[in-house]
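These are the residues of each chain, in order.
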Amino acid sequence: MAASRIVIENCAIATVDANDTEYASGHVVVADNLIESVGAGRAPAGLENVVRRVDGTGHLLTPGLVNTHHHFYQWITRGLATDHNLFDWLVALYPTWARIDEPMARAAAQGSLAMMARGGVTTAMDHHYVYPRGAGDLSGAIIGAASETGVRFTLARGSMDRGQSDGGLPPDFAVESLEGALAATEATVDKYHDASFGAMTQIAVAPCSPFSVSTELMRQGAELARRKGVRLHTHGSETVEEEQFCKELFGMGPTDYFESTGWLGSDVWMAHCVHMNDSDIAAFGRTGTGVAHCPSSNARLAAGIARVPDMLKAGVPVGLGVDGTASNESGELHTELRNALLINRLGAHRESALTARQALRLGTHGGAQVLGRADQIGSIEAGKLADLVLWKLDTLAHSSIADPVVALVLGAAAPVTLSLVNGRTVVEDNHLTTVDEDAVARSARAEARRLARIAATD
């Protein structure tokens, strides 16, 4: 059967390929779920089976944004503990989070995914680590929501086995046993992980963090991931308090602790990595360990400024993350393009820290690297998957910015005229085509109220 083609032309294009190729006016041809061609000028004449032509005049076409760190369940606890640092914020919210159940997880995932997809995210991930006893099939609910929304998705199946009685932060009834966490994680991999090219759902092994997980869960989790051939994810070096915690408990800093448990490598990525010295960054660069940079959350929780320019110079793969919407209430990734650039310019490198094009690369190709999918997504190249976003830049908000990449990164949030995931339309004229946004909002509000009532009576 002949391939169905979509032609997008007359738009500026930032391919984010290895040479940062750009076209002031170019075209992309999509054949089924793959990019068939990209180039300057209009699409070639005589293309067969063209089912749609899109005039991109006044637009910029980029790869779809790739989110590398998130906690969907937090969508229904936004706006709480707004003046806390990380540890105090966790202590304040864990008792509420420990009450989530399957309908809450589904509603929160739907809200998180809808907000990201509408803002140009084509590949999402969720680090879900709260599995209270009797809560239902939380992983299945989250994966189901991603499938309905139509985005490419990685579930980082998290876990915690260090409750308050063992010196951890979460309540004891919200943590799993070592054996239970490992078994449930393996079952999730077996049921849902798709290793094929173009996979829509993948699973990573993701114990939560050093201060909520035993050393044995870290070590055996890494062994499980490598036996199953999946990636590894956790939080790392987020705050000064975490570094002190690791030194007191393990006699070493976070990076040395991760290395001692098998958690450095090209199949690993860590969230945040704010407090890293030269030796830590060198270790990540040497081993190919990736970083999910979450500038808005880091600022919201007063964690600090990650040394992203130094990481990139050392060869560390770096992508962007929304992080949980209880520490980044906007819940979308375009903000992180802008904030990654601005916040890093407050650091030691000042105005030379990051450029607009480096910020776009972090949010696209960098994220694809971190998720282990740079051969499939993250740039506009023939043979890659058709995950594309067409941004409208001819409105008042961007009308006097000549450079379209600068307009996208530094300007106001640009409307999404078209977003394709796997060649399928997910956003059209700034609205989702796959789910009812109003229904998602109503469901999230209802579940947020129900969770608040339950937490208030316990």
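Below you will find a few notes about this structure. Predicted model only: the values in this text are computed from it and were never measured. Every chain is numbered on its own, with residues counted from 1 as its sequence reads. Per-residue local features of the predicted model are confined to residues with pLDDT of at least 70, and side-chain atom pairs are confined, for both listing and counting, to 80 or more; whole-chain, interface and lining totals are unaffected and use all residues. Note: side-chain values were computed over all heavy atoms of the structure, leaving out hydrogens and water.

Our focus in this paragraph is the pattern of salt bridges. Within this document, salt bridges are pairs made up of a side-chain nitrogen of Lys or Arg and a carboxyl oxygen of Asp or Glu, the two lying within 4 Å of each other. This structure, assessed with the given rule, holds 25 salt bridges. Residue Glu-176 is joined to Arg-157 by a salt bridge in which the shortest nitrogen-to-oxygen separation is 2.9 Å. Within this pair, whereas Glu-176 is found in the loop between β8 (152-159) and α4 (178-192), its partner Arg-157 is found in strand β8, the two being separated by 19 residues in sequence. Only protein chains enter the calculation, and the probe is 1.4 Å; a residue is then buried if its accessible area is under 20% of its type maximum, exposed if over 50%, and partly exposed in between. Here Glu-176 falls in the buried class, since its relative accessible area comes to 15%. Secondary structure is summarised from DSSP: a helix means a run of H or I of at least four residues, a strand means a run of E of at least two, and numbering begins at the N terminus for each.

Using a grid of 1 Å spacing that covers the protein atoms alone, one calls a set of points a cavity when a 1.4 Å probe fits there but cannot get out, and a pocket when the set is open and has protein on both sides within 12 Å along at least five of seven lines; lining residues are those with an atom within 4 Å of a point. Grid points are joined across faces, edges and corners, and a volume is the space filled by probe spheres set on the points. If you add up the space inside the largest pocket, you get close to 230 Å³. Residue lining of the largest pocket: 14 residues in total, with Trp-75, Arg-78, Gly-111, Val-440 and Ala-441 positioned closest to the centre. Counting residues per element, the ones that place at least two in the lining of the largest pocket are α2 (102-118) and α14 (437-457). Tallying contributions element by element places α14 first for the lining of the largest pocket, with six residues. For the lining of the largest pocket, a count of residues per class yields nine nonpolar, one polar and four charged. Approximately 190 Å³ is the volume found for the second largest pocket. Lining the second largest pocket are 15 residues; nearest its centre among them are His-193, Gln-202, Gly-229, Arg-231 and Leu-371. Looking at the lining of the second largest pocket element by element, the count peaks at three residues for strand β9 (residues 201-207). Here the residues of the lining of the second largest pocket are counted per class, giving six nonpolar, six polar and three charged. Following the grouping adopted for this structure description, the nonpolar residues are Ala, Val, Leu, Ile, Met, Phe, Trp, Tyr, Cys and Pro, the charged ones are Asp, Glu, Lys and Arg, and the polar ones are all others, Gly among them.

Function-wise, these values are silent; they only describe arrangement.
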